[in-house]
Amino acid sequence: MDNLISKALRCQKTSRPPIWFMRQAGRYLPEYLALKEKYSFLELCRNPELATKVTLMPFERYSFDAAILFADILLILETLGFDLRFGQDHGPLIDTKDLLDQPFELQVQSVKEKLYYIPKTIQQLKKELTVPLLGFCGAPFTLTTYIFEGRTSKDFKVTRSWMQTRFNEMHHLLKLLTEQTIEYLLMQIHAGVDAVQIFDSWAGHFSFAEWNTFSYPYLRQIVDALCPTKVPVILFAKGSSALYEELASLKPQVISLDSSSDLLKMAKRIPSDIALQGNLDPHLLFAPLNQIEQEVKRLIQGMQNRKGYIFNLGHGLLPQTPLDAVHCVLDTLHSFEPQPC
Ligand code: CP3
């Protein structure tokens, strides 16, 4: 992995920042939408040929420096017996049946058996890719919100009620998810991914105390379990501006920042042996191209002396993002001549 990403992941200086986008294979691509006419999202995830094809789709148009496996953080819920569905126009729906009445009775299934298609996709991709491949998972805490709420929530009422009244059962569920996640990431690593990203997407919707009690200890277990593999871990938490000290204390190789903070200020606060990723606002990609160009230049210029910087968005690419806007970011980054500062 002697390339820009591998260097940046290890906090080494690079000739320019490497770039990839969260959700770079997704609904902003007309060719993805065309494939979705024939197959459901879960069919695409579970079929190694199709998942490989979708992972590679953005590379027909753009020269990203890394690929991210086409899958979803919620697939792992099936190893705990929860049914997962994705409707055409709504997000995920999780059917917990009556399994949540007795969380201590949950039957855990083998990750290798239930998610057998994931290593097949990774092996296929490794044959075809010329850039590093990133694997990923959801943080156990973010995953529990989907179990309790059954969908993406706005107020997380059920999750909070579990935190307050079913404390031990909640921790039991988090423990199971953590064990499954470690097995899942190790499976991805053995199949060949070059780094993994952990998504704690809903961290920022909770109080610091709630996150610190219900997410932090489990993130620590995952990062520690992966340490012997030497495969870099990228930690993404929505809410990173309030949590960066705790995120840094977990010693991931990379912290991925959301768009709520100023990257250049955060770069001064986060220890220099941790690489940074981020944090262009995905909504800015709907702005006139000259505004996008200006902001991309500001970020690269400001980060030029930081060893270990990966250009990315502060969250996933949004559906309907103009294709030209993505081109504009890549062109700006590729042609940028840093000014001495
Ligand atoms: O980044 C990538 O391109 C890799 C693939 C990937 C997907 N989901 C594909 C996807 C990754 C890394 C994810 C992670 C994921 N999934 C997260 C964490 C990142 C984040 O956005 O915070 C979360 C919370 C999920 C759960 C999920 N999956 C939701 C809430 C939704 C629907 C709402 C939405 O954001 O669109 C999905 C569906 C999903 N996952 C799609 C894709 C391409 C769209 C499915 C479709 O085509 O209809």
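Presented here is a report on the structure given in the accompanying data block. Computed from a prediction, not measured in an experiment: that's the story for all the values here.

**Observations concerning the overall build of the protein**
Part 1 of the reasoning: The secondary structure content of the protein amounts to 16 helices and 9 strands.
Part 2 of the reasoning: For 341 residues, the compact-globule formula gives about 20 Å, and the C-alpha radius of gyration of the protein, at 19 Å, lands near that figure.
Part 3 of the reasoning: Counting only C-alpha atoms and orienting by the principal axes, one finds that the protein spans roughly 60 × 45 × 40 Å.
Part 4 of the reasoning: The burial tally for the protein puts 58% of its 341 residues in the buried class.

**Overview of the nonpolar core**
Part 1 of the reasoning: Formed by 128 residues in total, the largest nonpolar core has its most connected members in F21, L77, I118 and F311.
Part 2 of the reasoning: Per-element tally for this core: the top contributor is helix α10 (residues 167-191), with 11 residues.
Part 3 of the reasoning: Every residue in contact with L77, bar those within four places of it in the chain, is listed here: F82, I94, L143, Y146, I147 and L177.

**Remarks on the packing of helix α8 (residues 140-149) against helix α9 (residues 157-165)**
Part 1 of the reasoning: Remark: α8 packs on α9, axes separated minimally by 8 Å, with the N-to-C direction vectors making an angle of 110°. With respect to their mutual orientation, α8 and α9 come out roughly perpendicular. The residues of α9 that touch α8, namely those facing F141, T145, F148 and E149, are K157, V158, T159, W162 and M163.

**A few points about helix α12 (residues 216-226)**
Part 1 of the reasoning: Looking only at α12, the buried set comprises Y216, Y218, L219, I222, V223 and L226. Down the axis of α12, the buried side of the element spans an arc of 165°, and every buried residue falls inside it.
Part 2 of the reasoning: Elements in contact with the buried residues of α12: α8, α10, β5 (195-200), α11 (208-214), β6 (233-237) and α13 (240-249).

**Focus on the pattern of salt bridges**
Between side chains of opposite charge, a pair can form when the charged atoms approach closely.
Part 1 of the reasoning: Taken as a whole and assessed by the stated rule, the structure comprises 12 salt bridges.
Part 2 of the reasoning: Among the ionic pairs, K97 bridges to D83, the shortest N-O distance being 3.8 Å. Placement of the pair is K97 in the loop between β3 (92-95) and α6 (111-114) and D83 in strand β2 (residues 83-86), with a sequence separation of 14 residues.
Part 3 of the reasoning: The exposure class assigned to K97 is partly exposed, which follows from its relative accessible area of 46%.
Part 4 of the reasoning: In this structure, the salt-bridge partner of R298 is D262, at a minimum N-O distance of 3.2 Å.

**Points about the side chain of E169**
Part 1 of the reasoning: Within the secondary structure, E169 sits in helix α10.
Part 2 of the reasoning: Discounting residues that sit within four places of it in the chain, E169 has contacts with D101, P103, F104 and W162.

**Topic: the packing of α10 against α12**
Part 1 of the reasoning: Their axes nearest at 10 Å, the elements α10 and α12 cross at an angle of 25°. The orientation of α10 relative to α12 falls into the category roughly parallel. Between α10 and α12 lies a crossing whose hand is right-handed. Packed against α10, whose contacting residues are H171, L174, K175, T178, T181, I182, L185, L186 and I189, the element α12 presents Y218, Q221, I222, A225 and L226 at the interface.

About the thresholds
Residues numbered from 1 in each chain as written. Predicted model: local features only at pLDDT ≥ 70, side-chain atom pairs only at ≥ 80, totals over all residues. Heavy atoms only, no water. Helix = DSSP H or I, 4+ residues; strand = E, 2+ residues; numbered from the N terminus. Rg over C-alpha atoms; globule rule 2.2 N^0.38 Å. Buried < 20%, exposed > 50% of the residue type's maximum accessible area, 1.4 Å probe, protein only. Core = buried A, V, L, I, M, F, W, Y, C linked by side-chain atoms within 4.5 Å. Contact = heavy atoms within 4.5 Å. Axes fitted to C-alpha atoms, helices over the stretch in contact; angles between N-to-C directions. Parallel < 35°, antiparallel > 145°, perpendicular 65-115°, else oblique. Arc of directions from axis to C-beta. Salt bridge = Lys/Arg side-chain N within 4 Å of Asp/Glu carboxyl O. Left-handed = near helix turned anticlockwise from the far one by under 90°.

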